[in-house]
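What follows is the residue order along each chain.
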Amino acid sequence: MDINKNSIDIIGAGGFIGKNIQRFQNNNNLIKWSHSSKEYNFDIFDQNSWETLFNTKPKKILFLSWPGLPNYDSTSHVVKNLPVMIKFFEQLIRRDVERIVVTGTCYEYGIMTGKLSENFPVEPINQYAIAKNTLRQVLQKLCHENNVSFAWARLFYPYGEFQNPKSLIPSLKRAIKNNEKIFTIGSGDQIRDFIPIEKVVNYLLFLVNNIAIEGIFNIGSGKPTSIKSLVEEIVETENSSINILENLDKNRINESHEFWADMTKLNNLYK
């Protein structure tokens, strides 16, 4: 493989975020690794594919891969994904990589309310968040001990093209397209932090390319938005007459009623 040594190796390029990186920032400096790619095949459960990656001597890694979503409560995140992720990064860090950026999740905060800062202690509840947070702790130590630059990108609620079709916004748009009369949500007054995927792409590539910037960074809009107001905005934009019904039984358990990102830290750096 002819690899540009200034390239960014994106692992998990076939997912929601990875596809949008290609959509908005596709250029010769992106090496796109995915289990669905023939040329740059990568499977976290196939150590032979690790070697293929290692042999290209990557310098900058953006790691987006995480199997088993959106089942956040599956124990496979802790007992299956986490051990193999740690093993992979242990080997990667010994291969002269210079920069690693990994996507985390706002669920690492657990049951917290209001504007959430990276300085807050985290108390993850679901299995996915517990596994992610543990990986972050391990990576911070490994990267520090091996002089590898590391940033953890704690994602809130990205939305846009290529999103999981079962997610809120794609489901609503599909219902509108199908001329359905009713669309059911959970509690409409729940507050979340929704961020367009193109902004997520820009933040992530900024972090990868700025090797001196290390630590944990929220990636959200920084704006609290109720689920009902977001849904109503989409209904209006689509010029639809669909009726929105609230069903509290649809709410996820173990989630705070309202939380959003404090974006002060990253926005002070991002120009």
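Note that the structure is predicted; figures quoted are calculated from it, not measured.

Student: I'd like to hear about the overall build of the chain, residue by residue, with values.
Tutor: Helix and strand counts for the chain stand at eight helices and 14 strands. Along the three orthogonal principal directions, the C-alpha set of the chain runs to about 55 × 40 × 40 Å. Expressed as a percentage of the 271 residues in the chain, the buried residues total 49%. In the structure as shown, the chain presents an accessible area of about 13,500 Å², 46% of it carried by carbon and sulfur atoms. Taking the 31 positively charged and 29 negatively charged side chains of the chain as two groups, their mean positions are separated by 4 Å.

Student: Go over the pattern of salt bridges with me, naming the residues and quoting the values.
Tutor: Overall, the coordinates contain five salt bridges when judged by the stated rule. In this structure, the salt-bridge partner of Arg154 is Glu108, at a minimum N-O distance of 2.9 Å. Of this pair, Arg154 sits in strand β6 (residues 149-155) while Glu108 is found in the loop between β4 (99-105) and β5 (114-116), placing the two residues 46 residues apart along the sequence. Accessibility assignment for this pair places Arg154 and Glu108 in one class, buried. In the salt-bridge network here, residues are joined through shared partners; they are Glu108, Arg136 and Arg154.

Student: With reference to specific residues and values, describe the pairing of β4.
Tutor: For β4, a buried count of seven out of seven residues is recorded, marking the element as mostly surrounded by other parts of the structure. The side-chain alternation of β4 yields two buried faces, one formed by Arg99, Val101, Thr103 and Thr105 and the other by Ile100, Val102 and Gly104. Looking at chain direction, strand β3 (residues 60-63) and β4 are connected through four bridges and run parallel. The residue of β4 that forms the bridge with Leu62 is Val101. Traced from β3 through helix α3 (residues 76-93) to β4, the parallel crossover comes out right-handed. Pairing of β4 with β6, which is carried by seven bridges, proceeds in the parallel orientation. Bridge pairing links Gly104 to Arg154 in β6.

Student: Residues and numbers for the environment of Glu198, please.
Tutor: Relative to the helices and strands, Glu198 resides in helix α6 (residues 197-209). For the pair formed by Glu198 and Ile125, sequence separation is 73 residues and the distance between their alpha carbons is 29 Å.

Student: Residues and numbers for the sheet that holds strand β11 (residues 215-219), please.
Tutor: One open sheet holds the six strands; their spatial order is β2-β1-β3-β4-β6-β11, and the pairing between them is parallel. The open sheet is flanked by β2 (30-33) and β11, the only strands paired with a single partner. Each neighbouring strand pair of the sheet contributes to a mean axis angle of 20°, computed without reference to strand direction. In the packing of helix α1 (residues 16-25) onto the sheet, the strands contacted are β1 (8-11), β2, β3 and β6, and the crossing angle to β2 comes to about 155°. Where helix α4 (residues 127-145) meets the sheet, it contacts β4, β6 and β11, and its direction lies at approximately 165° from that of β6.

Student: Tell me about unusual backbone geometry, and name the residues and values.
Tutor: Here the bond from Leu69 into Pro70 is cis, since omega is 10°, no more than 30 degrees from zero. Relative to the helices and strands, Pro70 is located in the loop between β3 and α3. Unlike most non-glycine residues, Asn179 shows phi in positive territory, near 60°. Structurally, Asn179 can be placed in the loop between α5 (168-177) and β8 (182-185).

Calculation notes
- Residues numbered from 1 in each chain as written.
- Predicted model: local features only at pLDDT ≥ 70, side-chain atom pairs only at ≥ 80, totals over all residues.
- Heavy atoms only, no water.
- Helix = DSSP H or I, 4+ residues; strand = E, 2+ residues; numbered from the N terminus.
- Buried < 20%, exposed > 50% of the residue type's maximum accessible area, 1.4 Å probe, protein only.
- Areas by Shrake-Rupley, 256 points an atom, 1.4 Å probe, with all protein chains shown as cover.
- Lys, Arg positive; Asp, Glu negative; His and termini not counted.
- Charge placed at Lys NZ, Arg CZ, Asp CG, Glu CD.
- Salt bridge = Lys/Arg side-chain N within 4 Å of Asp/Glu carboxyl O.
- Pairing = 2+ DSSP bridges.
- Right-handed = clockwise from strand over helix to strand, strands pointing away.
- Axes fitted to C-alpha atoms, helices over the stretch in contact; angles between N-to-C directions.
- Contact = heavy atoms within 4.5 Å.

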